[in-house]
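Spelled out, the chains give:
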There are 2 protein chains.
Amino acid sequence: MIRLSKKVEYGLIAIRHIATKPAGEIVTAKEIADTYGIPYELLSKVLQKLTKSGLIASHQGMRGGYALARPPVEIPVSLIISAIEGTRQAIVQCLSEGPQTCTVFTVCTIKSPLTKVQANIERAFSTMNLSEIV
Amino acid sequence: MIRLSKKVEYGLIAIRHIATKPAGEIVTAKEIADTYGIPYELLSKVLQKLTKSGLIASHQGMRGGYALARPPVEIPVSLIISAIEGTRQAIVQCLSEGPQTCTVFTVCTIKSPLTKVQANIERAFSTMNLSEIV
DNA sequence: TTAATATACGACCGATGTAGTCCACTTTCA
DNA sequence: TGAAAGTGGACTACATCGGTCGTATATTAA
Ligand code: SF4
Ligand code: SF4
């Protein structure tokens, strides 16, 4: 099916929440979890992935938390998704895990049109940046 | 993740295969399965769903099989997908299973932009019909 | 120095969905 | 009448998903 994972949704909600704060202000995972009723541990994982991919910056220790690592305009939604979903970010297997992973690749007659659809979707996500959803 | 199921891919390959034949010609599930190396039983299920939704017509008994039920131009890809995937055809839960199924719906801040993305994707699939992928 | 608060990370679990298989049944035609 | 075809349900193995738990580490306020 075509479905965003909850992790991605939580990530979008969280990073948007951070973006609504004055630039540089630090927000804790707990605050976000409480605000939206998101499981704290799960949200933490998501924020850690966003941190590792450089979209947000973490501050450890007491009075720590997260802040945006760049201006919202420079954070397209596509980057948020790919930061959270490791592989599997394409609508078909051959486009994300490689052609040889699909057993019917050589005779498949639909990969060409689906590649166009994929490009369409990618464009939709990469042209939308964080500043547009706050 | 955003991924088409194998059933949908098989359905697309199959219905496209049928569409390449002269109009009205009957194709068996076995022929399609053999041609593309798709598991026969699984393909049968998919073809049955396409039949129930009226996209293809089945002919039972010996020398039976499947043929298109309408001209290819009148079969948008979106219909093929929704015929095979029952529910879960939206990128987020609240758009396909209803708002109250998501625990954070009332405080969710991203449903509005994601609804736009959904509309974008739907348009991509509904404007593409079978005649364009043969 | 220490206690409190916060992130980092990996292991784990149950529920659900996916891909595929199996089998019994019905329909149709040669 | 029997072979060939679709119909339909149950079933399995596996992967993923959503979520939880425990522990380690970093930072800072007291
Ligand atoms: S080759 Fe065809 S069937 Fe295989 S993953 Fe790509 S689009 Fe799907
Ligand atoms: S309400 Fe928000 S979090 Fe819930 S399914 Fe819709 S978009 Fe996702």
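Everything quoted here is computed from the prediction, not taken from an experiment.

Enquirer: Looking at this structure, how should I read helix α2 (residues 29-36) of chain A?
Expert: Because each turn of an α-helix spans 3.6 residues, side chains separated by three or four positions end up pointing in the same direction. Residues and elements named next belong to chain A. Turning to α2, its buried residues are Ala29, Ile32, Ala33 and Tyr36. Along the axis of α2, the buried positions cluster into a sector of 100 degrees, meaning they face one direction only. Among the exposed residues of α2, those oriented more than 90 degrees off its buried face are Lys30 and Asp34. In the segment just after α2, Gly37 is the residue with positive phi, at about 70 degrees.

Enquirer: Honestly, the interface of chain A and chain B in this entry has me stumped. Any pointers?
Expert: Interfaces are frequently sized by the accessible area removed from exposure as the parts join. Between chain A and chain B, the residue contacts involve 37 residues of the former and 37 residues of the latter. Of the roughly 3800 Å² buried where chain A meets chain B, counting both sides, 64% is carbon and sulfur surface. With a closest N to O distance of 3.5 Å, A:Glu97 and B:Arg3 form a salt bridge. Where chain A packs against chain B, one counts 11 residue pairs in polar contact (both at pLDDT 80 or more). Of all the secondary structure elements, the ones that give two or more residues to the side of chain A that touches chain B are α1 (6-20), α2, α5 (93-96) and α6 (111-126) of chain A.

Enquirer: Is there a simple way to explain empty space enclosed by the protein in this structure?
Expert: Here the idea is plain: a probe the size of a water molecule rolls over the atoms and shows the empty space left. Following the criterion strictly, the structure yields 4 cavities of 30 Å³ or more and no others. Its volume calculated, the largest cavity comes out at about 100 Å³. Around the largest cavity, the lining is made up of 13 residues, and of these A:Cys94, A:Cys102, A:Val104, A:Cys108 and B:Glu9 lie nearest the centre. Among the elements that line the lining of the largest cavity, the one with the most residues is helix α1 (residues 6-20) of chain B, at 4 residues. Looking at the lining of the largest cavity, its residues break down into 9 nonpolar, 1 polar and 3 charged. Roughly 60 Å³ of internal volume is contained in the second largest cavity. Lining the second largest cavity are A:Glu9, B:Val92, B:Gln93, B:Cys94, B:Cys102, B:Val104, B:Phe105, B:Cys108, B:Ile110, B:Lys111 and B:Leu114. Only α5 (93-96) and α6 (111-126) of chain B provide two or more residues apiece to the lining of the second largest cavity. Partitioned by chemical class, the residues of the lining of the second largest cavity number 8 nonpolar, 1 polar and 2 charged.

Parameters at a glance
Residues numbered from 1 in each chain as written. Chains lettered and ligands numbered in written order. Predicted model: local features only at pLDDT ≥ 70, side-chain atom pairs only at ≥ 80, totals over all residues. Heavy atoms only, no water. Buried < 20%, exposed > 50% of the residue type's maximum accessible area, 1.4 Å probe, protein only. Helix = DSSP H or I, 4+ residues; strand = E, 2+ residues; numbered from the N terminus. Arc of directions from axis to C-beta. Contact = heavy atoms within 4.5 Å. Buried area = accessible area lost by both parts, 1.4 Å probe. Salt bridge = Lys/Arg side-chain N within 4 Å of Asp/Glu carboxyl O. Polar contact = N/O pair within 3.5 Å; in protein donor to acceptor, adjacent residues only side chain to side chain. 1 Å grid on protein atoms, 1.4 Å probe; cavity = no way out; pocket = protein on both sides within 12 Å on 5 of 7 lines; lining within 4 Å. Points joined across faces, edges and corners; volume = space filled by probe spheres on them. Nonpolar A, V, L, I, M, F, W, Y, C, P; charged D, E, K, R; others polar.

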